[in-house]
Amino acid sequence: MNRTGNDDRHEPAGLPAMEDLLRYRQHLDGDEFTRRVVASAGRRARARPWILGGAAAAGIATVVAIRPERFTLFDAVHWPWHGVDMYAASVPAAGLLAMSIVLMLVIGTGKTIDSI
Amino acid sequence: MPKTDSDLIARFLAGNEGAFAELVRRYQSPIRQFLRRLTAGDHALAEDIAQETFIKMFTSLSTYRGEAGLSTWLHTVAYRTFLRHVKANARLEFVEDDRMPEAMAVQPTAMNDVLLEQMMKHLSLNERLMMTLCFSAGMSHAEIADVTGAPLGTIKSHINRGRKKLARLLGAEEENA
């Protein structure tokens, strides 16, 4: 490591250099730790696509269950400007909502499995 | 002939899991020691976070750009994982300043890892972090700033405070209090 720019080398009287005082003395290099990490990482990597696929399926099922075609938010809005309300009403609110729910569920699950 | 980190990373990204195991073997000791110091000797918690750190390396190594050394990058991942654990579990031990013993009955030259881990309880989280990165991991202040995201002035002041506390614990005189 490059220690250029550090100015913490003066020590209180009676103390050895901080590097000597705080240096790691043991070397932890057991194979058991490596084996555990490799096994666990492999298991999670295999589980990941299944979890993401499951989240996407759950998202789609949720959308179907709440029937977004009944949502008429933009149809009900009457904008003050002539014509704007027509454009707003033509926006496929149900499709947007459905897409947002699926996206939120998949992204949320993706973030969660990163931290599992 | 020993392989460089870049060789091992390239092999791992090409699908060689043996290269990943080699990287874990290479960096497990500094990362596990770093976390033992941060947790002030809670070895079980340190092992869990170390394992988590290397699993994150497995899933995120493709995002490593090589701007900082792999050791610095791994310390950053370990520190962030540690912070998340602390936030979720809050089982760290601290000893308040007013409960600090006059001086510990040990010779500074006879320090061992376990004793140092216990002494870390007397330091704040930031002091533990900066002191360990600076003096144990041997990082420059710029590298510590990369790991912690703290400004250089803050890093220096935490190191100075931590050094004074350790000196007090060991019963050494301060040159410039």
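These numbers were taken from a predicted model, which means no experiment stands behind them. (Residues numbered from 1 in each chain as written. Chains lettered and ligands numbered in written order. Predicted model: local features only at pLDDT ≥ 70, side-chain atom pairs only at ≥ 80, totals over all residues. Heavy atoms only, no water.)

Participant: Would you mind going over the overall build of chain A with me for this structure?
Facilitator: A tally of regular secondary structure across chain A gives 5 helices and 0 strands. In chain A, the order of α-helices and β-strands from amino to carboxyl end is α-α-α-α-α. Across the 116 residues that make up chain A, the buried fraction comes to 26%. Of the contacts made within chain A by residues no fewer than 6 positions apart, 63% connect residues no fewer than 24 positions apart. Accessible surface for chain A amounts to roughly 7700 Å². Of this, 66% is attributable to carbon and sulfur atoms. (Helix = DSSP H or I, 4+ residues; strand = E, 2+ residues; numbered from the N terminus. Buried < 20%, exposed > 50% of the residue type's maximum accessible area, 1.4 Å probe, protein only. Contact = heavy atoms within 4.5 Å. Areas by Shrake-Rupley, 256 points an atom, 1.4 Å probe, with all protein chains shown as cover.)

Participant: Would you mind showing me how to read the environment of T4 of chain B here?
Facilitator: Residues and elements named next belong to chain B. As for its placement among the helices and strands, T4 is situated in the segment before α1 (5-13). Judged by its relative accessible area of 43%, T4 is partly exposed. In this structure the side chain of T4 is engaged in a polar contact, spanning 3.1 Å, whose partner is the backbone nitrogen of D7. (Polar contact = N/O pair within 3.5 Å; in protein donor to acceptor, adjacent residues only side chain to side chain.)

Participant: Any chance you could explain the pattern of salt bridges here in plain terms?
Facilitator: Between side chains of opposite charge, a pair can form when the charged atoms approach closely. Scanning all chains against the criterion turns up 12 salt bridges over all chains. Its salt-bridge partner being D31 of chain A, residue R25 of chain B comes within 3.6 Å of it at the nearest N-O pair. Separated into two different chains, R25 of chain B in helix α2 (residues 17-38) and D31 of chain A in helix α2 (residues 31-66) make up a pair that spans both. Residue classification places R25 of chain B among the partly exposed residues on the basis of a relative accessible area of 36%. For E127 of chain B, the salt bridge identified is with K165 of chain B, shortest N-O distance 2.9 Å. Here E127 of chain B, found in helix α6 (residues 125-136), pairs with K165 of chain B, found in helix α8 (residues 152-169); they are 38 residues apart in sequence, far enough to count as distant. E127 of chain B gets classed as buried once you look at its relative accessible area, which sits at 3%. (Salt bridge = Lys/Arg side-chain N within 4 Å of Asp/Glu carboxyl O.)

Participant: Looking at this structure, I do not really get the packing of aromatic side chains. What am I missing?
Facilitator: Each aromatic ring pair is described using two quantities: the centre-to-centre distance and the angle formed by the ring planes. Under the criterion given, the structure shown has 5 aromatic pairs over all chains. Measuring from ring centre to ring centre gives 5.8 Å for F33 of chain A and F54 of chain B, while their planes differ by 80°; the resulting arrangement is edge-to-face. With F33 of chain A in helix α2 and F54 of chain B in helix α3 (residues 43-60), this residue pair bridges two chains. With a relative accessible area of 3%, F33 of chain A lands in the buried category. (Phe/Tyr/Trp six-rings, centres within 6.5 Å; stacked < 30°, edge-to-face > 60°.)

Participant: When you look at unusual backbone geometry in this model, what are you seeing that I'm missing?
Facilitator: Phi is mostly negative for residues that are not glycine, and the peptide bonds are mostly trans. Residues and elements named next belong to chain B. Positive phi, normally seen in glycine, also occurs at A40, with a value near 55°. By the secondary structure assignment, A40 is in the loop between α2 and α3. Look at A40 and you get buried, because its relative accessible area is 2%.

Participant: Quick question: what am I supposed to make of the confidence of the model for chain B here?
Facilitator: Interpretation of this model should avoid reading the predicted coordinates in detail wherever pLDDT is low. Residue and element names in this part refer to chain B. Here chain B averages 85 in pLDDT, and 83% of its residues register 70 or above. For residues 173-177, every residue scores under 50 in pLDDT, and the model assigns this stretch 12 contacts once sequence neighbours within four places are set aside. This prediction of the complex comes with two scores: 0.73 for pTM and 0.78 for ipTM. (pLDDT = per-residue confidence, 0-100.)

Participant: Help me understand the nonpolar core, please; the structure alone is not making it clear to me.
Facilitator: The tendency in soluble globular proteins is for nonpolar side chains to be buried as a group. All names here are of chain B. Ranked by internal contacts, the top residues of the largest apolar core, which has 59 residues, are F34, L35, F54, M57, L61 and L70. Take this core: its biggest share by element is 9 residues, from α2. Apart from residues lying up to four places away in sequence, L35 is in contact with A46, I49, A50, T53, A78 and F82. (Core = buried A, V, L, I, M, F, W, Y, C linked by side-chain atoms within 4.5 Å.)

Participant: What is the right way to look at the packing of α2 of chain B against helix α4 (residues 70-89) of chain B in this model?
Facilitator: How two helices sit against one another is set out by the angle between their axes and by the gap between those axes. Residue and element names in this part refer to chain B. Where α2 contacts α4, the two axes come as close as 10 Å, and the packing angle between them is 45°. Taken together, the axes of α2 and α4 lie oblique to each other. Helix-helix and strand crossings are classified by hand; for α2 and α4 the assignment is right-handed. Residues L23, Y27, P30, I31, F34, L35 and L38 of α2 lie in contact with α4, whose contacting residues are L70, S71, L74, H75, A78, Y79 and F82. The class makeup of the residues in the contact of α2 with α4 is 12 nonpolar, 2 polar and no charged. (Axes fitted to C-alpha atoms, helices over the stretch in contact; angles between N-to-C directions. Parallel < 35°, antiparallel > 145°, perpendicular 65-115°, else oblique. Left-handed = near helix turned anticlockwise from the far one by under 90°. Nonpolar A, V, L, I, M, F, W, Y, C, P; charged D, E, K, R; others polar.)

Participant: How should α8 of chain B be read in this particular structure?
Facilitator: One turn of the α-helix equals 3.6 residues, which is why residues spaced by three or four share an orientation. The terminal C-alpha atoms of α8 of chain B, which comprises 18 residues, lie 26 Å apart, in line with the 26 Å expected from a rise of 1.5 Å per residue. Those residues of α8 of chain B lying buried are I155, H158, I159, G162, R163, K165, L166, A167 and L169 of chain B. Where the residues of α8 of chain B are buried, they touch α1 (18-22) of chain A together with α5 (113-119), α6 and α7 (141-148) of chain B. (Expected span 1.5 Å × (residues − 1).)

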